[in-house]
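Topology and contacts: notes
Listed below, chain by chain, are the residues.
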Amino acid sequence: MAEETPPTTSESGTGLRQRVWAGLVTHKTRVFSRWPWIARLVAFVAYVATGAALWGTGYGIIRLPWLAIDDVVVVGTDQVDVRAIYDAAGIRRGSPLLALDVNAVTAGVKSVPWVRDVRVSRHLPGTVRVEVVERAPVAVFQLDRCYLMDEEGFVTPLNGRTVPDLPIVTGLKAVPFPQRESLEPAGRALAVVAEFPVLRNTVSELSLADSTRMVLILSPRGTPVSLPRLTGRDRLVMLASVIAYEPDLLMTASHLDARFLGHLAVTYSLSSNGNRI
């Protein structure tokens, strides 16, 4: 009896699938070639669908309850009231941590006058850290209360009972309260004073009583030094050099006038017999 052989096919299953897929691709290509707007429509719908899916996923992650803000930590404050930082930051507890506008928080905290710089950072799962850098005071003055002043003329009420060892600014009026622009020249001058030990250790006061000039008061005898209202750095450098070279001026001079560029006029104290003291 003859042996039966299994029927053969002209191609395998894999080859058939490849031919079917190639036919579909060819059909789509013909359709897109004949009607190109269909290809653009399909691409647009796919783009919108993908974007919506990604946005929905991201929005859902941002809104996860365990990623909500539950703590705001403020560090670096000394003179600034922490409550002023919280109010300026405008951070709402319970709001999404990942949706926090760090730039807006930074700008808000920087609007506090005594804040020089700030760094805002987010920490999982729900903490916001606000690092504050306060301004450096160069002087104090007293009106209705004691105030600190920095080199740009910004002021803040003294927080605490201990007055720092800084020059005192006098000759100010409480009403109207001094504007920053009017205090800035004194702040710039005292910032230069702080750079030179010979001035830092002798300047005890800066008077703004005269609208045409500012006057430094030097210890130990209270020797006045007249300066222009807008004093450049060069005059203070000259004053520091003269005092360092001739320290006896602090005991013998009754007045120093540094309003003339490159020149220091010295008025000496005289004894009863006309001799220089």
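Sequence order as written defines residue numbering, which begins from 1 separately in each chain. pLDDT decides what is reported in this predicted model: residues at 70 or higher carry local features, side-chain atom pairs at 80 or more are listed and counted, and totals for whole chains, interfaces and linings draw on all residues regardless. Remark: hydrogens and water are excluded; side-chain values derive from all non-hydrogen atoms of the structure.

**Some points on the pairing of strand 12 (residues 263-268)**
- By the bridge criterion, 5 bridges tie strand 11 (residues 253-260) to strand 12 in an arrangement that is antiparallel. Directly across from D257, in strand 12, lies its bridge partner A265.
- Taken together, strand 11 and the strand that follows it, strand 12, pair antiparallel across an intervening segment of 2 residues, in which G262 is found at a positive phi of about 75 degrees. A pair of strands is treated as paired once DSSP finds two or more bridges between them. Strands are runs of DSSP state E lasting at least 2 residues, helices are runs of H or I lasting at least 4, and numbering of each runs from the N terminus.

**Side note on the sheet that holds strand 2 (residues 115-123)**
- Read across the open sheet, the 3 strands follow the order 1-3-2; overall the sheet is mixed. Of all strands in the sheet, those bounded by a partner on one side alone are strand 1 (71-75) and strand 2. Each neighbouring strand pair of the sheet contributes to a mean axis angle of 15 degrees, computed without reference to strand direction.
- Looking at chain direction, strand 2 and strand 3 (residues 127-134) are connected through 8 bridges and run antiparallel. Note on strand 3: the bridge partner recorded for S121 is R129.
- Strand contacts of helix 4 (residues 102-110): strand 2 and strand 3, with the helix running at about 150 degrees to strand 2, the strand carrying the most contacts. Axes here mean lines fitted to C-alpha atoms, for a helix over just the part in contact, with angles spanning 0 to 180 degrees between N-to-C directions. Here a residue-residue contact requires only that any non-hydrogen atoms of the pair lie within 4.5 Å.

**Some remarks on the packing of aromatic side chains**
- In this analysis, rings of Phe, Tyr and Trp, with Trp reduced to its six-membered ring, are considered paired at centre separations within 6.5 Å, and the interplanar angle assigns stacked below 30 degrees, edge-to-face beyond 60, and tilted for intermediate values. Considering all chains together, one arrives at 3 aromatic pairs under this definition.
- Taking the centre distance of 6.4 Å and the plane angle of 50 degrees together, the rings of F141 and F177 count as tilted. You can see F141 sitting in strand 4 (residues 137-142) and its partner F177 sitting in the loop between strand 7 (168-170) and helix 5 (180-193), a full 36 residues away along the chain.
- Ring geometry for Y147 and F177: centres 5.2 Å apart, planes at 65 degrees, overall edge-to-face. Taken together, the residues span a long stretch of sequence, with Y147 in strand 5 (residues 146-150) and F177 in the loop between strand 7 and helix 5 at a distance of 30 residues.
- Put simply, the rings of F141, Y147 and F177 pair up and form one aromatic cluster.
- The criterion is that NZ of a Lys, or CZ of an Arg, lies within 6 Å of the ring centre and within 35 degrees of the ring normal, and then a charge sits over that ring. The ring of F154 is capped by R135, whose NZ or CZ atom sits 3.8 Å from the centre of that ring.

**What to know about the pattern of salt bridges**
- For this analysis, a salt bridge means a side-chain nitrogen from Lys or Arg found within 4 Å of a carboxyl oxygen belonging to Asp or Glu. Under the criterion given, the structure shown has 12 salt bridges.
- Between R129 and E131 there is a salt bridge whose closest N-O contact spans 3.4 Å.
- Burial here depends on accessible area, computed with a 1.4 Å probe over protein chains only, as a share of the maximum for the residue type. Under 20% is buried, over 50% is exposed, and the range in between is partly exposed. Taking relative accessible area as the criterion, R129 reaches 31% and is therefore assigned partly exposed.
- Of the charged contacts, one joins E195 and R233 as a salt bridge, the two residues approaching to 2.7 Å between their closest N and O atoms. With E195 in the loop between helix 5 and helix 6 (197-200) and R233 in helix 7 (residues 233-245), this pair connects stretches of sequence that are 38 residues apart.
- On the basis of relative accessible area, E195 is assigned to the partly exposed category, the value being 45%.

**Regarding the layout of surface pockets**
- Put simply, the grid is 1 Å and covers the protein atoms alone, a cavity is a trapped set of points that fit a 1.4 Å probe, a pocket is an open set with protein on both sides within 12 Å along at least five of seven lines, and lining residues have an atom within 4 Å of a point. Grid points are joined across faces, edges and corners, and a volume is the space filled by probe spheres set on the points. The calculated volume of the largest pocket comes to roughly 240 Å³.
- When contributions to the lining of the largest pocket are tallied by element, the ones reaching two or more residues are strand 4, helix 5 and strand 8 (203-207).
- Class assignment of the residues belonging to the lining of the largest pocket gives a composition of 8 nonpolar, 4 polar and 2 charged. Residues are sorted three ways: Asp, Glu, Lys and Arg are charged, Ala, Val, Leu, Ile, Met, Phe, Trp, Tyr, Cys and Pro are nonpolar, and all the rest, Gly among them, are polar.

**Remarks on the side chain of R135**
- On the secondary structure map, R135 appears in the loop between strand 3 and strand 4.
- R135 gets classed as buried once you look at its relative accessible area, which sits at 12%.
- Here a polar contact is taken to be a pair of N or O atoms separated by no more than 3.5 Å, where protein atoms must pair a possible hydrogen donor with a possible acceptor and residues adjacent in sequence count only if both atoms sit in side chains. A polar contact of 2.9 Å, which involves the side chain of R135, links it to the backbone oxygen of P113.
- In terms of polar contacts, R135 uses its side chain to reach the side chain of D150, at 3.2 Å.

**Considerations on the confidence of the model for the chain**
- Every residue is assigned a pLDDT by the predictor, reflecting its confidence on a scale from 0 to 100. In this model, the chain carries a mean pLDDT of 82, and residues with pLDDT of at least 70 account for 73%.
- Residue range residues 52-62 is modelled with pLDDT below 50. Its contacts to residues more than four positions away, or to other chains, number 4 contacts.

**Structural notes on the nonpolar core**
- Within the largest apolar cluster, 34 residues are counted, with the highest numbers of intra-cluster contacts made by M149, L190, L216, V225 and L239.
- For this core, the element with the highest residue contribution is helix 5, accounting for 7 residues.
- Those residues in contact with L239 that sit more than four places away from it in its chain are L199, L216, V225, L256 and L264.
- Here, nonpolar core means buried Ala, Val, Leu, Ile, Met, Phe, Trp, Tyr and Cys residues that are tied together by side-chain atoms lying within 4.5 Å of each other. Membership of the second largest hydrophobic core comes to 23 residues, among which are V112, V128, F154 and L158.

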